[in-house]
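# Tertiary structure, described
The residues making up each chain are set out below.
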Amino acid sequence: MTPPENRLRAYFRKWRGTTAGSPPRVNNSEILWSWLGAFAGIGLLAWLGQYSFSAYSLHLLIGSFGASAVLLFGAPRSPLAQPRNLLGGHALSAAVGVVCWQLLHGQPVLAQALAVATAIALMHLTRCLHPPGGATALIATLGSAEIERLGYWYILWPATTGPLLLLAVALVVNNLPTSRRYPLVWW
């Protein structure tokens, strides 16, 4: 049996990281395509929200979509950026966030922690882990008047509609250059 001080030393040794080094720099073409995709995707959501649905006070853009854009356009080969993960991660996490807020809005700290933790567990269980989904769950519990007004509609608008539109842009933009292919897998 290993003495406790050796286990503790081994534990803290993990904090040093590995010698793998920093990630490599991508070429300028990849940077340009990432920029173009993110600009088009987020621009579309912002434009639709502002000019098509503002009369109904329905915004289509939430903060977690910025992180989704990083994955979809900056790392389109990542398993976390594939359509199943994008759509399932946001929709499941939105549902978890809304349910946690509905049940625990009187205790926001508990609602927020439970929403993010449960969303992660559910995304793992359904094999659709998408890190921005954690933010989508958290946004549902932050108690903004607009999100509260949406209630369960938040799951559909913006948390499912937004990613569907980002996916459409990702399909177009990521397949224009010969160096990219998206998606690698659908489901």
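Below, the structure is looked at part by part. (Residues numbered from 1 in each chain as written. Predicted model: local features only at pLDDT ≥ 70, side-chain atom pairs only at ≥ 80, totals over all residues. Heavy atoms only, no water.)

### Digging into the packing of aromatic side chains
Inspection of the entire model under this criterion finds five aromatic pairs. Taking 5.1 Å as the distance between ring centres and 75° as the angle between the ring planes, the aromatic pair formed by Tyr-11 and Phe-12 counts as edge-to-face. On the numbers, 4.9 Å between centres and 70° between planes, the contact of Phe-12 with Trp-15 is edge-to-face. Among the aromatic side chains, those forming a connected cluster through ring pairs are Tyr-11, Phe-12 and Trp-15. (Phe/Tyr/Trp six-rings, centres within 6.5 Å; stacked < 30°, edge-to-face > 60°.)

### Some points on the pattern of salt bridges
As enumerated under the stated definition, the model contains one salt bridge in all. In this structure, Arg-180 and Glu-30 form a salt bridge, with 3.1 Å as the shortest nitrogen-oxygen distance. Here Arg-180 is found in the segment after helix H9 (161-174), whereas its partner Glu-30 is found in helix H2 (residues 28-52), with 150 residues between them in sequence. With a relative accessible area of 5%, Arg-180 lands in the buried category. (Salt bridge = Lys/Arg side-chain N within 4 Å of Asp/Glu carboxyl O. Helix = DSSP H or I, 4+ residues; strand = E, 2+ residues; numbered from the N terminus. Buried < 20%, exposed > 50% of the residue type's maximum accessible area, 1.4 Å probe, protein only.)

### Thoughts on the side chain of Arg-84
By the element assignment, Arg-84 lies in helix H4 (residues 83-104). Buried within the structure, Arg-84 lacks any salt-bridge partner; its nearest side chain of opposite charge belongs to Glu-30, at an N-O separation of 23 Å. At a separation of 3.0 Å, a polar atom in the side chain of Arg-84 contacts the main-chain carbonyl oxygen of Arg-127. Each residue touching Arg-84, except ones within four places of it in the same chain, is listed here: Gly-89, Thr-126, Arg-127, Cys-128, Trp-186 and Trp-187. (Lys, Arg positive; Asp, Glu negative; His and termini not counted. Polar contact = N/O pair within 3.5 Å; in protein donor to acceptor, adjacent residues only side chain to side chain. Contact = heavy atoms within 4.5 Å.)

### Brief notes about the environment of Leu-32
With respect to the element layout, Leu-32 can be found in helix H2. Relative accessible area serves as the criterion here: at 52%, Leu-32 is assigned to the exposed category. Along the chain, Leu-32 and Pro-163 lie 131 residues apart, while their C-alpha atoms are 22 Å from each other.

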